[in-house]
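# Fold and geometry: a report
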Amino acid sequence: MLKKIFGRDDFPVPDRSSPLFRNINWERLPKHVAVIMDGNGRWATQQGMLRTAGHSTGVSALKNILKTASGMKLNALTVYAFSTENWKRPHTEVDFLMKLFSESLMRELEEMHEYKVQIHFIGRIEGLPKSLQKEMRAAEKLMENNTGVKFNVAVNYGGQDELLRVMQNFAQKAKNGELNPEDINESMIEDALDTCGNYPVDLVIRTSGDQRLSNFLLWQSAYAELWFTDTNWPDFTPEEFVEAIEDFGKRERRFGGLNK
Ligand code: FPP
């Protein structure tokens, strides 16, 4: 029954009293969940379709997860849409993805705004097509005063690249005499990251069977819990997302210390 309501079809944003959330321990809700949406290509190939069809269906899956995150009042959801390494893919696939980002953003903008999403794009945005950059900045501006879930979309993002940019920025300031290297601390680094203003990542979810971080949010995930599933991203449902959240609620987190 739940599958039918909350499956791939469109559904309204559920509120906390929804049966979907009945087993969530609200005291132990993660603040920041990061998702590696893997397996679009494999999903499409298994259905006898072009890889690009997997990406298109992946957008619907993402929309449902964003609504679910919004309904449970998650503080932040960060998704890996395109890595600094994804440029190695065939031209046609890269072009398709850039168009898909633009079209999906334009199509979903108003609805996301209605449910108060705060969208933010992270990564080397200046390396993306100019028209897409403009659309991204306009979407951020439109939603900047919203109070709902922080939705960070990583595009042309790499964790190592992000840290490299922080180091270059600090080195430049030190060279200009504006920064004493001994004064650099963890909180300054956090403020210089693309995810500035977000809590550290509590939970990383990766779909499609591989169990690695693939250069995603390396600093931010230092103490994150990891949750893996064999499900390919286009088949990933709100129910499975909730399962990961429930599982997080049962984990014992010590952050290098001892249990109280
Ligand atoms: C990984 O699957 C997925 C991607 C590289 C793209 C993810 C993008 C989306 C789901 C669309 C997001 C849209 C917006 C608007 C943010 P893969 O192609 O690596 O799959 P494979 O490992 O099976 O080949």
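Everything here concerns the structure above.
Residues numbered from 1 in each chain as written. Predicted model: local features only at pLDDT ≥ 70, side-chain atom pairs only at ≥ 80, totals over all residues. Heavy atoms only, no water.

What follows is about the sheet that holds strand S6 (residues 225–228). Ordered in space as S3-S4-S2-S1-S5-S6, the 6 strands form an open sheet in which the pairing is parallel. Each edge of the open sheet is held by one strand with a lone partner, namely strand S3 (118–122) and S6. Averaged over all adjacent pairs, the angle separating strand axes in this sheet is 20°, with direction ignored. Here 5 bridges tie strand S1 (residues 32–36) to strand S2 (residues 76–83), and the two strands are oriented parallel to one another. Bridging across to S2, Val33 finds its partner in Leu77. Packed onto the sheet, helix H3 (residues 51–71) meets S2 and strand S4 (150–157) and runs at close to 160° relative to S2. Each of S3 and S4 is contacted by helix H5 (residues 130–142), which is oriented at about 145° to S3, the strand it contacts most. (Pairing = 2+ DSSP bridges. Helix = DSSP H or I, 4+ residues; strand = E, 2+ residues; numbered from the N terminus. Axes fitted to C-alpha atoms, helices over the stretch in contact; angles between N-to-C directions. Contact = heavy atoms within 4.5 Å.)

Attention now goes to the pairing of S6. Looking along a regular strand, one sees side chains alternate from face to face of the sheet. Residues of S6 alternate between two faces, with Glu225 and Trp227 buried on one and Leu226 and Phe228 left unburied on the opposite face. Bridge analysis of strand S5 (residues 203–206) against S6 gives 4 bridges, and the strand direction is parallel. Residue pairing across strands places Arg206 opposite Phe228, the latter belonging to S6. (Buried < 20%, exposed > 50% of the residue type's maximum accessible area, 1.4 Å probe, protein only.)

With that settled, consider helix H4 (residues 91–114). Helix length check: H4, at 24 residues, gives a terminal C-alpha distance of 35 Å against a target of 34 Å (1.5 Å per residue), a fit within 8%. Where H4 bends most, the angle comes to about 50°, and this point is Glu108. Listing the buried residues of H4 in full gives Glu93, Val94, Leu97, Met98, Leu100, Phe101, Ser102, Ser104, Leu105, Glu108, Leu109 and Met112. Buried residues along H4 sit against H3, S2, S3, H5 and S4. Where H4 terminates, the next one or two residues include Lys116, which has phi positive at roughly 65°. (Expected span 1.5 Å × (residues − 1). Bend = angle between axes of the 7 residues up to and from the residue.)

Looking now at the packing of H4 against H5. With their axes 10 Å apart at the nearest point, H4 and H5 run at an angle of 15° to one another. As judged from the angle between their axes, H4 and H5 are roughly parallel. Crossing angle aside, the handedness with which H4 passes H5 is left-handed. Together, Met98, Phe101, Ser102, Leu105, Met106, Leu109, Glu110 and His113 of H4 and Leu132, Glu135, Met136, Ala139 and Leu142 of H5 make up the contact between the two elements. Taken together, the residues of the contact of H4 with H5 sort by class into 9 nonpolar, 2 polar and 2 charged. (Parallel < 35°, antiparallel > 145°, perpendicular 65-115°, else oblique. Left-handed = near helix turned anticlockwise from the far one by under 90°. Nonpolar A, V, L, I, M, F, W, Y, C, P; charged D, E, K, R; others polar.)

Counted according to the given criterion, the structure contains 17 salt bridges. The closest approach of N and O atoms between Glu140 and Arg137, which form a salt bridge, is 2.7 Å. Of the two residues, Glu140 and Arg137 both sit in helix H5, 3 residues apart, roughly one turn of that helix. Taking relative accessible area as the criterion, Glu140 reaches 13% and is therefore assigned buried. A relative accessible area of 40% means that Arg137 is categorised as partly exposed. A salt bridge links Asp194 to Arg165, with the shortest nitrogen-to-oxygen separation between them at 2.8 Å. Taken together, the residues span a long stretch of sequence, with Asp194 in the loop between helix H7 (186–192) and S5 and Arg165 in helix H6 (residues 159–175) at a distance of 29 residues. (Salt bridge = Lys/Arg side-chain N within 4 Å of Asp/Glu carboxyl O.)

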